[in-house]
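Reading the structure
Chain residues, written in single-letter form:
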2 protein chains.
Amino acid sequence: MNVEHPHSQSGRSRVLIEEITPQVDHGRFAAKRVVGDRVVVRARVFADGHDAIHAMLRYRHLADEQWSETELDSVGNDWWQATFQVQKIGRYEFTIDAWIDRFATWQRDLHKRVDAGHDVTVDLLSGAEIIEEHLPVVDSSHQQPLKEYVSLLRESNHRPTQIQAALSEDLAKRMRAHSDRRFSSRYPTALPIEVDRIQGRFSTWYEFFPRSASSQPGQHGTLADCRERLPYVAEMGFDILYLPPIHPIGRSFRKGKNNAVKALPDDVGSPWAIGAAEGGHKAIHPQLGTIEDFRELLSAARDLGIEIAMDIAFQCAPDHPYVAAHPDWFRQRPDGSIQYAENPPKKYQDIYPFDFESPDWQALWDELKSVLLFWANEGVRVFRVDNPHTKSFAFWEWAIAEVKKEYADAIFLAEAFTRPAVMSRLAKLGFSQSYTYFTWRNTKPELTEYLTELTQGAAREFFRPNLWPNTPDILNEFLQFGGRSGLMSRYVLAATLSAACGIYGPTFELGVVTPREPGSEEYLDSEKYQLQHWHIDAPESLRHFIARVNRIRRENPSLHDNSSLRFHPVDNEQLICYSKQTEDGGNVIVTVVNLDPHHVQSGWVDLPLSCLGVDSTQPYQMHDLLSEERYLWHGSRNFVQLNPHTAPASIFCLRKRVRSESQFEYFL
Amino acid sequence: MNVEHPHSQSGRSRVLIEEITPQVDHGRFAAKRVVGDRVVVRARVFADGHDAIHAMLRYRHLADEQWSETELDSVGNDWWQATFQVQKIGRYEFTIDAWIDRFATWQRDLHKRVDAGHDVTVDLLSGAEIIEEHLPVVDSSHQQPLKEYVSLLRESNHRPTQIQAALSEDLAKRMRAHSDRRFSSRYPTALPIEVDRIQGRFSTWYEFFPRSASSQPGQHGTLADCRERLPYVAEMGFDILYLPPIHPIGRSFRKGKNNAVKALPDDVGSPWAIGAAEGGHKAIHPQLGTIEDFRELLSAARDLGIEIAMDIAFQCAPDHPYVAAHPDWFRQRPDGSIQYAENPPKKYQDIYPFDFESPDWQALWDELKSVLLFWANEGVRVFRVDNPHTKSFAFWEWAIAEVKKEYADAIFLAEAFTRPAVMSRLAKLGFSQSYTYFTWRNTKPELTEYLTELTQGAAREFFRPNLWPNTPDILNEFLQFGGRSGLMSRYVLAATLSAACGIYGPTFELGVVTPREPGSEEYLDSEKYQLQHWHIDAPESLRHFIARVNRIRRENPSLHDNSSLRFHPVDNEQLICYSKQTEDGGNVIVTVVNLDPHHVQSGWVDLPLSCLGVDSTQPYQMHDLLSEERYLWHGSRNFVQLNPHTAPASIFCLRKRVRSESQFEYFL
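In this text the structure is predicted, and so the values were computed from the model without any measurement.

1. As for the overall build of chain A
The secondary structure content of chain A amounts to 14 helices and 30 strands. In terms of its C-alpha atoms, chain A occupies a principal-axis envelope of roughly 105 × 70 × 45 Å. Expressed as a percentage of the 668 residues in chain A, the buried residues total 59%. Put simply, 75% of the contacts in chain A that link residues at least 6 apart link residues at least 24 apart. Accessible surface, chain A: about 26,400 Å² in total, of which carbon and sulfur atoms supply 50%.

This is the structure we're talking about:
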């Protein structure tokens, strides 16, 4: 019979390490954090018997040779915990070492024996032995003191002195400084953490169509016009400006206004039908301008604190240069034509999808990567990826990692409105942020359940929701019927529920809510197929309201993260209440929104005061950052009333008493 | 820059497989099943885009070269499911293959196109192409028919015939028989399933001390006396008889009656202080008999359908032969003595623990394994392991696997009353069953929460609870004060909540409930330290009640498994109600227990009729298998009343209407 023992000394390693968090699929994917985050690592660490355990968190940035170490603390029931701070963009990894601490066991047991009045003669000798065996590995600075402990334990005639020395913290520290790790166990996986810059989690997006940016009605907008519009975007407080594709638009099978199958001669076509004689994914649509114009736009935006997000739509119009140059990258039909995109019976004849099962797939992957690198090289660091779920998952995992090798600060937003497993996988494999079902979550139970799932469930480690009340593809019926109040409440929800949010404007702030036909979520006369001209200075514009909400977002750090989001009871189904707070409790934001866009609603809000750091016996101030009104609240239950015709929401900054009776934070 | 693509063709594999169950720690450990079980495998299987997927469950017994395959079915939201039956003891493994089914995609889309009235000329040619490309891999029986389909799709002038053929189930079947799996994805882990014989899950245990089995008071019982007692055990319906250690007992530091530190000359010592001049773990205590007596006991037990469970206590009395032969296996103290077991300030001077950090650990492991194999070779297949949590986890994982290599039908019960993480790990690493906290769970919320956690939580896959109302170490206070009714209700709970249960007798059935002192859970004059003589024929014995409960267990297959356990509301906190049912719903047991041992309690039970397969508009019969009384119930809410002085529980067999009005199951 073949007896196989575990290799070498591993049979003597008695400590087990289990259930480490944060982790995603046992380390197959990275948990996500941003620079400056404290990562809280928890694990179950235990051994057979009663011996004392020493557990060490090991972590490093992948670019570092060296591991850093910090001790884990026992927090009860075999759970141990430690934290470390991630200070650089890129990939970290961490794991845990743990071992039986023979000295600590001895010292702990000696304590109990002494307390029980046992004779400890032999125990003191055991201790001397343990210290002596340990000497070869300790630093020179500890050698002499430890030798003195050995002598004392072995030779002193004064038992109380011996015991005092044996139980001393000084001895413990010196022994702990170089613990005996020969039989140390290591958690078998180094778990990855992907660290982004703060914008990976906290960013405020604005989308508009460059070709509608001209100040002259009927004239095709240019990148120069976009540059003119930057101050308008900046004043509203957005920090990412996302532009639909700016590449040449195909002519074959071009779609007409309102998605008509046949375009008229002067129809401009869908920007997502990418590629024409003038070029493909690395070219700029001549009517928009040149690469030089694009560089100027980027630079002007940067000066205003705005990044340009590039739309990455990996698909081709029939006249894209790839089609002739690489017929293998597309699926051929028996009649010699190329298979256009479809979801039968729907047909998208103006778009050819790539065939990710192509025999030439490696060249295809390389070329698509080169598109990302081309724009990254121009200074673009934010990519909004169109329909990533209709391209191979393996490709995205590879491509995102490849881009991040050269541009570690790159951010990818997945535009995948599809099934949960698919959206979840895209987030796991590397997308920094994801569009969500938020657009279709309008009632209190829907919002509560969905946001709780996203921020408290397993997804919290890898799925960063980016909430959009509207997009060029989605004009939700709530917006169609909710009027001005509906737009305001939806933006407050997006902006306070999630660290990342965005709107498609100027339709949004101008209150454009007419669908193509009743029951449709498509905009009438959608910019997807035609130019528009927008009166951005219209007095009814929500631009100042949006600016105020975005300033509140910027100024309140609790809104830069989602992990603290908690919903609180209100005895009115039309009112929703939730809070966010910073880790140190220094910033607490309580938002209340009236979900009924037509009627005044009121009710009693119930706040968990101790969780929010409030002394329940003292009043606290609720400062509505939207209206600038201040209220003195007392106890957990307080009354709120919101009139949708003035302001459908309150964003309260909770100001609590600090230190002494004469010093209230809210007097400062 | 170094561009690494996924290897070979894997970039063309577009299907993902996630979240497979059953699995324990991503396949690090095996899920547990018994022979005959249907294993339900679920996973999320999905790809980019809209293509049809073909998913195949692969499974095999490790002894088999060949894998078996069965198709998974889509059950919605990207979940897929299949089942396979485990028919042999030992280790199975399973995984999933999945791939894009190009033909199925084509056929599905053609259907939609035809329905939409599209011109399908080119689509039919595409189909012909797909079939033709597929011909090289299909069986000869399909070759000719498939070629005919190709001709028809290519050449027929009759469109309706072409479409009918293209959409035919016959064509689909022939194509599906040898699907194109070139770009198949495989779940990266083969997940293990450990299959035991039915007793691994369903067994009824009885423990008694052989030395108290003599029919003569004051006389040391023998294995021959045990043989005499077998019919008594068999009549009560137990199928595993567990004997505390039967090895020679050490003399040095022997404990006296009631755990006195000094034994008197005629004290018999604790059977767990194993080893003396007469031998160690492979020897039999001379006062109990010889190895021949043991063989006869085994054989006689087997004839009565009883297996003997050996107590495996890996520790030594100071006079165990190992101590002299292998001083390296123990921890030496500086005074030349050996470190006895202790949990300071408690001392167990009669026991030396093995040192699992010994440099000679490999020889130690081998020797301990040889103990298990020695008794397995004598015919023992059930091992009750004493305090496994004070021996190295790695050792147990190795040793159990080693024993199972030779004796696949071996069963191990872990006696680890310790912290949850430790108990859980022991179950994962191979113990077939585990003692639990049941003894200390006496109220309705405690029982409901704990059993729900064990049977519905993650533990359900690997932790098989064995419920004991008492053990020689635990006389719970509920038993001390609950009287006869308390004993009865605790046994009914153990026997109906869990497929595995046991009692320590004859103390249990004879109602011996006096503790050593108030507040102690130790028995007064415990058999752990002295002989006892039991009047097993005493008229007040619960033996007939226990026999009835055990017969109910045997005859009702729903009680042989825990996965269907569900608790049901009763509007009285002293009454607990729960049900179990077989997978086919053919056997439904509803148990109601009065947890108050002193007072009559009554209340309204609320059953989820549709879950139990009952037509809520029709009456159904509740047959109390304990009292043999039958009740006609109607609707979900019904009245129950239990008098602890007669019977503190009802074990109802729910008999529902079957087939037609004139044929009630309960008339049969």
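2. Topic: the pairing of strand 18 (residues 382–386) of chain A
Residues and elements named next belong to chain A. Of all five residues in strand 18, five are buried; the element is thus mostly enclosed. Here strand 18 shows two buried faces, one formed by V382, R384 and D386 and the other by F383 and V385. Bridge count between strand 13 (residues 307–312) and strand 18: four bridges; the pairing is parallel. Each residue of the ladder has a partner; that of I312, found in strand 18, is V385. Alignment of strand 18 against strand 19 (residues 411–415), held across five bridges, turns out to be parallel. Looking at strand 19, one finds that F383 is bridged to F412. Handedness of the crossover is the feature at issue here: the chain leaves strand 18, passes through helix 10 (residues 393–406), returns alongside strand 19, and the resulting connection is right-handed.

3. Some points on the packing of helix 6 (residues 223–235) of chain B against helix 7 (residues 291–303) of chain B
Helix-helix packing: each pair is described by the crossing angle between the helix axes and the interaxial distance. Residues and elements named next belong to chain B. Remark: helix 6 packs on helix 7, axes separated minimally by 9 Å, with the N-to-C direction vectors making an angle of 5 degrees. By the criterion of interaxial angle, the relationship of helix 6 to helix 7 is roughly parallel. Contacts between helix 6 and helix 7 pair L223, C226, R227 and L230 from the former with D293, F294, E296, L297, A300 and A301 from the latter. Residue classes in the contact of helix 6 with helix 7 are distributed as seven nonpolar, no polar and three charged.

4. A word on the packing of helix 3 (residues 140–155) of chain B against helix 5 (residues 169–177) of chain B
Residues and elements named next belong to chain B. In the contact formed by helix 3 and helix 5, the axes pass within 11 Å of each other and the chain directions differ by 130 degrees. On the basis of their axis angle, the class for helix 3 and helix 5 is oblique. The hand of the helix 3/helix 5 crossing is left-handed. Facing helix 3, whose interface residues are S141, H142, P145, L146 and Y149, helix 5 presents D170, L171, R174, M175 and A177. For the contact of helix 3 with helix 5, the class distribution of residues is six nonpolar, two polar and two charged.

5. Describing the relation of the copies chain B and chain A
Of the transformation placing chain B onto chain A, the axial shift is 0.0 Å and the rotation is 180 degrees, giving an RMSD of 0.1 Å. Taken together, these values place the two copies in the relation of a two-fold axis. Ranked by how close their C-alpha atoms come to the rotation axis, the residues of chain B are headed by H26 of chain B, at 3.6 Å. Taken together, the interface assignments show that 100% of the residues at the interface of chain B recur at the interface of chain A, consistent with an identical surface on both copies.

6. Points about the environment of R484 of chain A
All names here are of chain A. With respect to the helices, strands and loops of the structure, R484 is situated in helix 13 (residues 477–497). Among the residues examined, R484 registers a relative accessible area of 47% and is labelled partly exposed. Sequence spacing of R484 and F508 is 24 residues, and the spatial spacing of their C-alpha atoms is 9.8 Å. Look past the residues within four positions of R484 in its chain and what remains in contact with it is E540, S541 and L542.

7. Observations regarding the interface of chain B and chain A
With 69 residues of chain B at the interface, the matching set in chain A holds 69 residues. Roughly 6,400 Å² is buried in total at the junction of chain B and chain A, and carbon and sulfur atoms are behind 55% of that figure. For the pair chain B and chain A, the number of links is twelve salt bridges. The salt bridge partner of R113 of chain A is E342 of chain B, with a shortest N-O separation of 2.0 Å. Connecting chain B to chain A are 17 residue pairs in polar contact (both at pLDDT 80 or more). The set of elements that each furnish at least two residues to the side of chain B that touches chain A consists of strand 1 (15–21), strand 3 (38–47), helix 1 (102–115), helix 2 (121–134), strand 15 (341–343), helix 9 (361–377), helix 10 (393–406) and helix 11 (420–429) of chain B. Residue classes in the side of chain B that touches chain A are distributed as 23 nonpolar, 17 polar and 29 charged.

8. Comments concerning the packing of aromatic side chains
Residue and element names in this part refer to chain A. In the structure shown here, the tally under the stated rule is 79 aromatic pairs over all chains. Centroid distance Y206 to F238: 5.0 Å. Interplanar angle 40 degrees. Geometry classified as tilted. Here F238 lies in the loop between helix 6 (223–235) and strand 12 (240–243) and Y206 lies in strand 11 (residues 203–207), a separation of 32 residues in the sequence. The same class applies to Y206 and to F238, which are both buried. Aromatic side chains F314 and W396 sit 5.9 Å apart centroid to centroid with 15 degrees between the ring planes, which places their arrangement in the stacked category. Here F314, found in the loop between strand 13 and strand 14 (315–316), pairs with W396, found in helix 10; they are 82 residues apart in sequence, far enough to count as distant. Members of the aromatic cluster, connected to one another through ring pairs, are F314, F356, W361, W365, F383, F395, W396, W398, F412 and F431. Directly above the aromatic system of Y450 lies the positively charged group of R441, at a separation of 5.0 Å from the ring centroid.

9. Quick word on helix 1 of chain B
Note that an α-helix has 3.6 residues per turn; residues three or four places apart therefore point the same way. In a regular helix each residue adds 1.5 Å, so 14 residues correspond to 20 Å; helix 1 of chain B covers 20 Å between its end C-alpha atoms and thus fits that length. Where helix 1 of chain B is concerned, the buried positions are F103, T105, W106, Q107, D109, L110 and R113 of chain B. As for helix 1 of chain B, its buried residues are in contact with strand 15 (341–343) of chain A together with helix 2, helix 3, helix 4 (159–166) and helix 5 of chain B. Here helix 1 of chain B starts with a cap whose side-chain oxygen sits 3.3 Å from the backbone nitrogen of F103 of chain B, and that cap is D101 of chain B. G117 of chain B, located one to two residues past helix 1 of chain B, shows a positive phi value of around 75 degrees.

10. Looking at helix 2 of chain B
Residue and element names in this part refer to chain B. For helix 2, with 14 residues, the first-to-last C-alpha span of 21 Å sits near the 20 Å given by 1.5 Å per residue. All buried positions along helix 2 are accounted for by V122, D123, L124, S126, G127, A128, I130, I131 and H134. For helix 2, the secondary structure elements touched by its buried residues are helix 1, helix 3, helix 4 and helix 5.

11. Section: the sheet that holds strand 28 (residues 630–633) of chain A
Residues and elements named next belong to chain A. Taken in spatial order, the six strands line up as 23-24-25-30-27-28 in an open sheet, and their pairing is antiparallel. Either end of the sheet is taken by a strand with one partner, and the two such strands are strand 23 (566–568) and strand 28. Going across the sheet, the axis of each strand differs from the next one's by a mean of 30 degrees, ignoring polarity. The sheet contact formed by strand 24 (residues 575–581) and strand 25 (residues 588–594) spans seven bridges and is antiparallel. Note that in strand 25 the partner of I576 across the bridge is V593. The strands touched by helix 13 are strand 23, strand 24, strand 25 and strand 30 (649–655); relative to strand 24, the strand with the most contacts, the crossing angle is about 30 degrees.

Parameters and conventions
Residues numbered from 1 in each chain as written. Chains lettered and ligands numbered in written order. Predicted model: local features only at pLDDT ≥ 70, side-chain atom pairs only at ≥ 80, totals over all residues. Heavy atoms only, no water. Helix = DSSP H or I, 4+ residues; strand = E, 2+ residues; numbered from the N terminus. Buried < 20%, exposed > 50% of the residue type's maximum accessible area, 1.4 Å probe, protein only. Contact = heavy atoms within 4.5 Å. Areas by Shrake-Rupley, 256 points an atom, 1.4 Å probe, with all protein chains shown as cover. Pairing = 2+ DSSP bridges. Right-handed = clockwise from strand over helix to strand, strands pointing away. Axes fitted to C-alpha atoms, helices over the stretch in contact; angles between N-to-C directions. Parallel < 35°, antiparallel > 145°, perpendicular 65-115°, else oblique. Nonpolar A, V, L, I, M, F, W, Y, C, P; charged D, E, K, R; others polar. Left-handed = near helix turned anticlockwise from the far one by under 90°. Least-squares fit on C-alpha atoms with pLDDT ≥ 70 in both. Buried area = accessible area lost by both parts, 1.4 Å probe. Salt bridge = Lys/Arg side-chain N within 4 Å of Asp/Glu carboxyl O. Polar contact = N/O pair within 3.5 Å; in protein donor to acceptor, adjacent residues only side chain to side chain. Phe/Tyr/Trp six-rings, centres within 6.5 Å; stacked < 30°, edge-to-face > 60°. Lys NZ or Arg CZ within 6 Å of the ring centre and 35° of its normal. Expected span 1.5 Å × (residues − 1).

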